[in-house]
Amino acid sequence: MAVFVTGGAGYIGTHTIVELLENNEQVVVLDNLSNSSEESLKRVTMITGKTVDFYQGDILDSDLLDNIFTTHEISAVIHFAGLKAVGESVEQPLKYYKNNVAGTVILCQAMGKANIKNIVFSSSATVYGDPASLPIKEDFPTGATNPYGQSKLMVEHILTDLANSDPSWNIAVLRYFNPVGAHESGLIGEDPNDIPNNLMPFIAQVAVGKREQLSVFGNDYDTHDGTGVRDYIHVVDLAKGHLRALEKLNTAPGLVTYNLGTGQGYSVLDMIQAFEKASEQTIPYQIVARRPGDIAVCYAAPEKAKQELNWQATHSIDDMAQSSWKWQSSNPNGYES
């Protein structure tokens, strides 16, 4: 039996596949390579000495999904495939609803047809919107502030309705906070197309000389240094969380939802300082206006995942910065290096 990983050539997908292969799982990957590279899967093989069955294609292609589910014995699906740029989602909402929402519906229909009813869904802490209090618990009210977050929340509603309609489905919804870092080998890491949307790869590209300086959006928030505070989680910790979620599905829990975060918040300036320490580079930055929709502070209450999945984050902020620097300095142009 194999685990089917959609979006498996992406940042979190590749790190999760490494953990799966090292746990002696068979892996089948589908990715349309719109924001990823097949080179990443070759690097996974370099790390693990094992290969995956790779299909280049789209979750919107129901015939391809049917073919994959007929060809391979699939025990569970980890569903990463999705567009994830908040700004782009505001400009092109229909693109996000088609890919993220309709794509998941088509995937679940194909799974149901093949009688594959175990799925781990890659959701996001953006579904909490601007939380009324901290830390954020799984039972907090949801309400996204942009089409990207809305698309994740819509999928959560769809999966809830699916589980209610058919109790034979087992679904783990994982709400990520802010994934950063890279594999200790330096062979795989975050390789965004065009300008990075996330803080750490932007800092790394400045450090390696690919970009002139970092823009820090606002320094007048009610935080210890005025810059926004987020819960940054090492991508390897995040990847291990997916394996624990798969194990949970084997106990037939129905639908379960977990935050994957550290429970610790770091500011933008904290992250810059950690990266300067790791890279021994100065990171030039300028303070610019706040971005619309950004909130001051966001961090997880991770206790539920610890209790029910036997999972917790173990990597420090220094681990995050050091592994990011190792990846970026070894691969200044990402997978094209």
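Residues numbered from 1 in each chain as written. Predicted model: local features only at pLDDT ≥ 70, side-chain atom pairs only at ≥ 80, totals over all residues. Heavy atoms only, no water.

With respect to the helices, strands and loops of the structure, Asn-118 is situated in strand 5 (residues 118–124). For Asn-118, a relative accessible area of 17% translates into the label buried. A polar contact is formed between the side chain of Asn-118 and the side chain of Asn-170, at a distance of 3.3 Å. Look past the residues within four positions of Asn-118 in its chain and what remains in contact with it is Ser-75, Ala-76, Val-77, Met-111, Asn-170 and Leu-249. (Helix = DSSP H or I, 4+ residues; strand = E, 2+ residues; numbered from the N terminus. Buried < 20%, exposed > 50% of the residue type's maximum accessible area, 1.4 Å probe, protein only. Polar contact = N/O pair within 3.5 Å; in protein donor to acceptor, adjacent residues only side chain to side chain. Contact = heavy atoms within 4.5 Å.)

Let us now look at the pattern of salt bridges. Opposite charge on two side chains allows them to pair when their charged atoms are near. Evaluation of the coordinates by the stated rule reveals ten salt bridges. Of the charged contacts in the structure, one is a salt bridge between Glu-19 and Lys-240, with a shortest N-O distance of 3.1 Å. Of this pair, Glu-19 sits in helix 1 (residues 11–22) while Lys-240 sits in helix 8 (residues 235–249), and the two are 221 residues apart along the sequence. For Lys-113, the salt bridge identified is with Asp-66, shortest N-O distance 2.9 Å. On the criterion of sequence distance, the pair formed by Lys-113 in helix 5 (residues 93–113) and Asp-66 in helix 3 (residues 62–71) is long-range, its members being 47 residues apart. Owing to a relative accessible area of 64%, Lys-113 belongs among the exposed residues under this scheme. (Salt bridge = Lys/Arg side-chain N within 4 Å of Asp/Glu carboxyl O.)

The next subject is the sheet that holds strand 14 (residues 297–298). With mixed pairing, three strands are arranged side by side in an open sheet as 12-9-14. Two strands in the sheet have a free side with no partner beyond their single neighbour: strand 12 (266–267) and strand 14. Taken together, the two bridges between strand 9 (residues 229–230) and strand 12 define a ladder with antiparallel strand orientation. Counted as the bridge partner of Val-229 is Ser-267 from strand 12. (Pairing = 2+ DSSP bridges.)

A few words on the nonpolar core. Generally speaking, soluble globular proteins have nonpolar side chains that are buried together. Ranked by internal contacts, the top residues of the largest apolar core, which has 40 residues, are Ile-17, Leu-20, Val-27, Val-120 and Leu-260. Among all residues touching Leu-20, those that are not within four sequence positions of it are Val-3, Val-5, Glu-25, Val-27, Ile-78, Leu-243 and Leu-246. Counting residues in hydrophobic clusters, the runner-up holds 27 residues, among them Val-28, Phe-69, Ala-163 and Val-173. (Core = buried A, V, L, I, M, F, W, Y, C linked by side-chain atoms within 4.5 Å.)

Time to look at the sheet that holds strand 2 (residues 26–31). A sheet is described by the order of its strands in space; here seven strands give the open sequence 3-2-1-4-5-6-11, paired in parallel fashion. In the strand order of this sheet, the two ends are held by strand 3 (53–56) and strand 11 (255–260), each with one partner. In this sheet, neighbouring strand axes are inclined to one another by 15 degrees on average, regardless of whether the strands run parallel or antiparallel. In this sheet, strand 6 (residues 170–176) lies alongside strand 5 in parallel orientation, the contact comprising seven bridges. The residue bridging Asn-118 from the neighbouring strand is Asn-170, located in strand 6. Here helix 1 sits on the sheet in contact with strand 1 (2–6), strand 2, strand 4 (74–79) and strand 6, set at roughly 165 degrees to strand 2. (Axes fitted to C-alpha atoms, helices over the stretch in contact; angles between N-to-C directions.)

Looking now at helix 11 (residues 317–330). Helical geometry note: an α-helix holds 3.6 residues per turn, so side chains three or four residues apart project in the same direction. Compared with an ideal rise of 1.5 Å per residue, which puts 14 residues at 20 Å, helix 11 spans 20 Å between its outermost C-alpha atoms and is within 8% of the ideal. Taken residue by residue, helix 11 has Ile-317, Met-320, Ala-321, Ser-323, Ser-324, Trp-325, Trp-327 and Gln-328 as its buried positions. Turning to helix 11, the residues buried within the fold contact helix 2 (39–48), strand 7 (178–180), helix 7 (199–207), strand 10 (232–234), strand 12 and helix 9 (268–279). (Expected span 1.5 Å × (residues − 1).)

Helix 11 packs onto helix 7 with a crossing angle of 55 degrees between their chain directions and a minimal axis gap of 10 Å. Comparing the axis directions of helix 7 and helix 11 gives the class oblique. The hand of the helix 7/helix 11 crossing is right-handed. Contacts from Met-200, Pro-201, Ala-204, Gln-205 and Ala-207 in helix 7 reach Met-320, Ala-321, Ser-324, Trp-325 and Gln-328 in helix 11. Considering only residue class, the contact of helix 7 with helix 11 consists of seven nonpolar, three polar and no charged. (Parallel < 35°, antiparallel > 145°, perpendicular 65-115°, else oblique. Left-handed = near helix turned anticlockwise from the far one by under 90°. Nonpolar A, V, L, I, M, F, W, Y, C, P; charged D, E, K, R; others polar.)

The next subject is helix 2. Of all the positions in helix 2, only Ser-40, Leu-41, Arg-43, Val-44, Ile-47 and Thr-48 are classed as buried. Down the axis, helix 2 shows its buried residues gathered within 155 degrees of arc, on one side only. Opposite the buried face of helix 2, at more than 90 degrees from it, the exposed residues are Lys-42 and Met-46. Close packing links the buried residues of helix 2 with helix 1, strand 2, strand 3 and helix 11. (Arc of directions from axis to C-beta.)

Turning our eyes to something else, we now look at the packing of aromatic side chains. Summed over the entire model, instances satisfying the criterion amount to three aromatic pairs. Here Phe-4 and Phe-69 contribute two aromatic rings whose centre-to-centre distance is 5.2 Å and whose plane-to-plane angle is 80 degrees, an arrangement assigned as edge-to-face. Highlighted residues: Phe-4 in strand 1 and Phe-69 in helix 3, separated in sequence by 65 residues. Across the pair, exposure class does not vary: Phe-4 and Phe-69 are buried alike. Between Phe-275 and Trp-325, the aromatic rings sit 5.9 Å apart at their centres with planes inclined by 85 degrees, giving edge-to-face as the arrangement. Of this pair, Phe-275 sits in helix 9 while Trp-325 is found in helix 11, placing the two residues 50 residues apart along the sequence. For the pair Phe-275 and Trp-325, a shared accessibility class is recorded, and that class is buried. Arg-290 extends its terminal NZ or CZ atom over the ring of Tyr-221, reaching a point 4.0 Å from the ring centre. Between the NZ or CZ atom of Lys-304 and the centre of the ring of Tyr-258, over which it lies, the distance is 5.1 Å. (Phe/Tyr/Trp six-rings, centres within 6.5 Å; stacked < 30°, edge-to-face > 60°. Lys NZ or Arg CZ within 6 Å of the ring centre and 35° of its normal.)

Keep in mind that these numbers describe shape and distance, not what the molecule does.
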